[in-house]
Amino acid sequence: MELVCPICNSLSSYIVQCPFCNSEMEAQAAIQDYFDDYSTYLDKGITEMMDNVSEDKCLHIFSCPQCHKDRRVSINKILM
Ligand SMILES: [Zn+2]
Ligand SMILES: [Zn+2]
């Protein structure tokens, strides 16, 4: 058994509603994936936020296809 993120592993989709226009937001890559690729571009705030994410959570960016806002949501990992 191992803790895995259902979104990173395409196990389930996660519905998040846009707080601005109530559309369904689309899950983007986990923040740690951005972190690997773009770590030099990340500001200190995000780095600090990464440190605050616990082992059993995976932080994802959800973006709204309608108004293009995004929001970070921590996803509870599940035991597989
Ligand atoms: Zn994930
Ligand atoms: Zn929206």
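Predicted model only: the values in this text are computed from it and were never measured.

**Student:** Sorry, what's going on with the overall build of the protein chain here?
**Tutor:** Check the secondary structure of the protein chain and you find two helices and six strands. When the elements of the protein chain are put in sequence order from the N terminus, they spell out β-β-β-α-α-β-β-β. Across the 80 residues that make up the protein chain, the buried fraction comes to 28%. In the protein chain, the proportion of contacts linking residues at least 24 apart, taken out of those at least 6 apart, comes to 59%. For the protein chain, the computed accessible surface area is about 5600 Å², with 45% contributed by carbon and sulfur atoms.

**Student:** Looking at this model, I keep getting lost on the coordination of the zinc ion (ligand 2). Mind explaining?
**Tutor:** Ideal geometry at a metal gives 109.5 degrees between four tetrahedral donors and either 90 or 180 degrees between six octahedral ones. Protein coordination at the zinc ion (ligand 2) comes from Cys 18 (SG), Cys 21 (SG), Cys 64 (SG) and Cys 67 (SG), with a distance range of 2.2 to 2.3 Å. If you look at the zinc ion (ligand 2), its four donor atoms make angles of 103 to 121 degrees with each other, and the shape they trace is tetrahedral. In primary-sequence terms, the residues that donate to the zinc ion (ligand 2) follow C-x2-C-x42-C-x2-C. With Cys 21 in the loop between β2 (16–17) and β3 (24–30) and Cys 64 in the loop between β4 (57–63) and β5 (70–76), this pair connects stretches of sequence that are 43 residues apart. Of the residues examined, Cys 64 reaches a relative accessible area of 2% and is grouped as buried.

**Student:** Explain the nonpolar core to me, please; I cannot follow it from the model alone.
**Tutor:** Judged by nonpolar contacts, Cys 5, Ile 7, Val 16, Cys 18, Met 25, Ala 30, Cys 58, Phe 62, Cys 64, Val 73 and Ile 75 together constitute the single largest core of 11 residues. Counting residues per element, the ones that place at least two in this core are β3, β4 and β5. The residues touching Cys 5, leaving out its near neighbours within four places in the chain, are Cys 58, His 60, Ile 75 and Lys 77.

**Student:** Just to check I follow, could you spell out the packing of aromatic side chains for this structure?
**Tutor:** Under the defined criterion, the tally for this structure stands at one aromatic pair. Between Tyr 14 and Phe 62 the ring centres are 6.4 Å apart and the planes differ by 50 degrees, which places this aromatic pair in the tilted class. Of the two residues, Tyr 14 is situated in the loop between β1 (3–4) and β2 and Phe 62 in strand β4; the sequence distance between them amounts to 48 residues. The ring of Phe 20 has Lys 69 lying over it, and the distance from NZ or CZ to the ring centre is 5.0 Å.

**Student:** What is the right way to look at the coordination of the zinc ion (ligand 1) in this model?
**Tutor:** Around the zinc ion (ligand 1), the protein contributes the donor atoms Cys 5 (SG), Cys 8 (SG), Cys 58 (SG) and His 60 (NE2), which lie 2.1 to 2.2 Å from the metal centre. Seen from the zinc ion (ligand 1), its four donor atoms lie at angles of 104 to 117 degrees, and the figure they make is tetrahedral. Each donor residue of the zinc ion (ligand 1) lies on one chain, and together they are spaced C-x2-C-x49-C-x1-H. Within this pair, whereas Cys 8 is found in the loop between β1 and β2, its partner His 60 is found in strand β4, the two being separated by 52 residues in sequence. A residue is classified by how much of its surface remains accessible, and His 60, at 1% relative accessible area, is buried.

Parameters and conventions
Residues numbered from 1 in each chain as written. Chains lettered and ligands numbered in written order. Predicted model: local features only at pLDDT ≥ 70, side-chain atom pairs only at ≥ 80, totals over all residues. Heavy atoms only, no water. Helix = DSSP H or I, 4+ residues; strand = E, 2+ residues; numbered from the N terminus. Buried < 20%, exposed > 50% of the residue type's maximum accessible area, 1.4 Å probe, protein only. Contact = heavy atoms within 4.5 Å. Areas by Shrake-Rupley, 256 points an atom, 1.4 Å probe, with all protein chains shown as cover. Donors = N, O, S within 2.8 Å, 3.2 Å for Na, K, Ca; no water. Tetrahedral: all angles 85-135°; square planar, octahedral: opposite > 155°, others 65-115°. Core = buried A, V, L, I, M, F, W, Y, C linked by side-chain atoms within 4.5 Å. Phe/Tyr/Trp six-rings, centres within 6.5 Å; stacked < 30°, edge-to-face > 60°. Lys NZ or Arg CZ within 6 Å of the ring centre and 35° of its normal.

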